[in-house]
Amino acid sequence: MAHNHEEEIDYESLPAGSSMAINMFAGAMAGISEHAAIYPVDSIKTRMQILSPAVSASTTGGLATAPSQALSLAQHFRLVSSTEGLRSLWRGVSSVIMGAGPAHAFHFGTYEFVRELTGGANEGMQGTAGTAVAGAAATIASDAFMNPFDVIKQRMQIRGSVHRSVFDCAKTVYRTEGFQAFYISYPTTLTMSIPLSAVQFSVYEAMKSFLNPTGEYSPSTHVMAGGVAGATAAAVTTPLDVAKTLLQTRGSSNDARIRNAQGMLEAIKIIWERDGLKGFRRGMSARVVTFAPSTAISWLSYEFFKSFLREHDIISSIPGTST
């Protein structure tokens with residue numbers, strides 16, 4: 001029994017020195033697993049959020065004429081299946097794979113490091129506050145790296161995108177819009193992602209403690225807690241995600257005002273004037289459907305790889321990582 005207790009402590013609180021490397025390795029694996037698995041739904045979410053003209057019945061497989069963003073998740077899949085082929089929903093996935101691994105390594109590594117510093121592992125208000133701060137810090141670090149990859153991804157996800165490779169898209173965006181195009185949405189991304197991460201990590205830790213008080217490695221707990229955390233965070237932050245999408249895809253718009261949008265406040269104003277309050281809910285269903293399983297997969301992968309790497313002492317065998 002004493003041996004099992006030691007393993008539980010090792011799993012929940014990794015020794016200083018090896019902790020960061022393990023968490024970054026685990027985070028990288030989690031990021032790739034999360035984004036690759038749910039990518040087609042994320043592509044639909046992007047399309048639902050873009051302000052676009054009406055789509056005729058002839059191009060929607062018999063669907064009534066309606067603004068593209070007004071179509072449901074299922075209708076979008078029908079539209080893509082009948083006009084482009086479902087394979088098109090995977091356009092841009094290589095950008096996510098290239099960026100998600102390092103970005104999530106920074107994310108989870110920073111999260112665990114800051115959580116340890118702020119007492120996030122403690123119970124009560126200190127633990128909750130520490131976890132929220134750690135989640136916010138993790139987001140600032142990872143989003144700085146990931147933002148350009150996210151811009152490229154969304155440009156390639158647009159219906160009728162002319163970009164056929166990540167490098168072609170990056171080169172075109174840089175040539176036509178300049179370097180700032182890759183970071184025009186970064187303030188909005190942070191404004192959205194900091195509360196998203198704070199909510200996600202806080203809900204995850206609370207759910208994990210409730211479902212699994214012993215702290216043992218439990219895949220079902222990580223899936224359930226991750227799913228609830230992801231769905232909650234996604235729903236709360238959808239309005240800002242709509243604004244982020246407008247900014248990240250502005251260069252592909254035929255609308256002069258959207259093409260020249262310079263920041264979050266202007267994007268919010270455009271959405272409000274064009275679509276009212278409902279405009280800020282665009283893509284919420286797809287976003288929740290994306291985030292719930294992807295966050296569950298991310299946490300499951302993260303906790304698995306963290307446990308696996310620790311159990312097999314893989315990190316200490318890599319030069320420069322031993323304590």
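To start, this report covers the structure provided alongside it. (Residues numbered from 1 in each chain as written. Predicted model: local features only at pLDDT ≥ 70, side-chain atom pairs only at ≥ 80, totals over all residues. Heavy atoms only, no water.)

1. Thoughts on the pattern of salt bridges
Cut-off, in case you're wondering: Between Lys or Arg on one side and Asp or Glu on the other, a salt bridge is scored when a side-chain nitrogen of the former is within 4 Å of a carboxyl oxygen of the latter. Helix numbers and strand numbers start at the N terminus; a helix is a DSSP run of H or I with at least 4 residues, a strand a run of E with at least 2. Exposed residues in this analysis have more than 50% of their type's maximum accessible area, buried residues have under 20%, and partly exposed residues fall in between, with area computed by a 1.4 Å probe over protein chains only.
Here the structure, examined in full by the defined rule, presents 17 salt bridges. Taking the shortest distance from any N to any O, the salt bridge between E205 and K208 comes out at 3.7 Å. Residue E205 and its partner K208 are both found in helix α7 (residues 186–211); the two are separated by three residues, about one turn of the helix. Here E205 matches K208 in class, with each residue buried. Across the pair D255 and R274 runs a salt bridge, and its minimum N-O distance is 2.9 Å. One end of the pair, D255, is in the loop between α8 (219–248) and α9 (256–259); the other, R274, is in helix α10 (residues 264–275), with 19 residues separating them in the sequence. Exposure remark for D255: the relative accessible area of 24% places this residue in the partly exposed category. On the accessibility criterion, R274 (39% relative accessible area) is partly exposed.

2. Here's the deal with the environment of A292
The condition is simple: Two residues form a contact once any of their heavy atoms are found within 4.5 Å.
In this fold, A292 is placed in helix α11 (residues 284–311). Residues A292 and A225 lie 67 residues apart in sequence; the distance between their C-alpha atoms is 9.6 Å. In this structure A292 touches G226, G227, G230 and A231, once residues within four positions along its chain are discounted.

3. Describing the packing of α8 against α10
To keep it simple, the criterion reads: Axis definition: a line fitted to C-alpha atoms, limited for helices to the stretch in contact. Angles are taken between N-to-C directions and run from 0 to 180 degrees. Angular relationships are summarised with four words: roughly parallel below 35 degrees, roughly antiparallel beyond 145, roughly perpendicular across 65 to 115, and oblique for the angles in between. Each residue is assigned to one of three groups, with Ala, Val, Leu, Ile, Met, Phe, Trp, Tyr, Cys and Pro labelled nonpolar, Asp, Glu, Lys and Arg labelled charged, and all others, Gly among them, labelled polar.
Relative to each other, α8 and α10 sit at 105°, their axes nearing to 9 Å. Judged by the inter-axis angle, α8 sits roughly perpendicular to α10. Between α8 and α10, the contacting residues are L240, V242, A243, L246 and L247 on the first element and M264, A267, I268, I270 and I271 on the second. Across the contact of α8 with α10, the residue classes break down as 10 nonpolar, no polar and no charged.

4. Thoughts on the environment of T188
Position of T188 relative to the elements: it lies in helix α7. Using a relative accessible area of 0% as the deciding quantity, one classes T188 as buried. C-alpha of T188 to C-alpha of D241: the two residues are 53 residues apart in sequence and 8.1 Å apart in space. Leaving out residues up to four positions away in the same chain, T188 has contacts with L240, A243, K244, L247 and M264.

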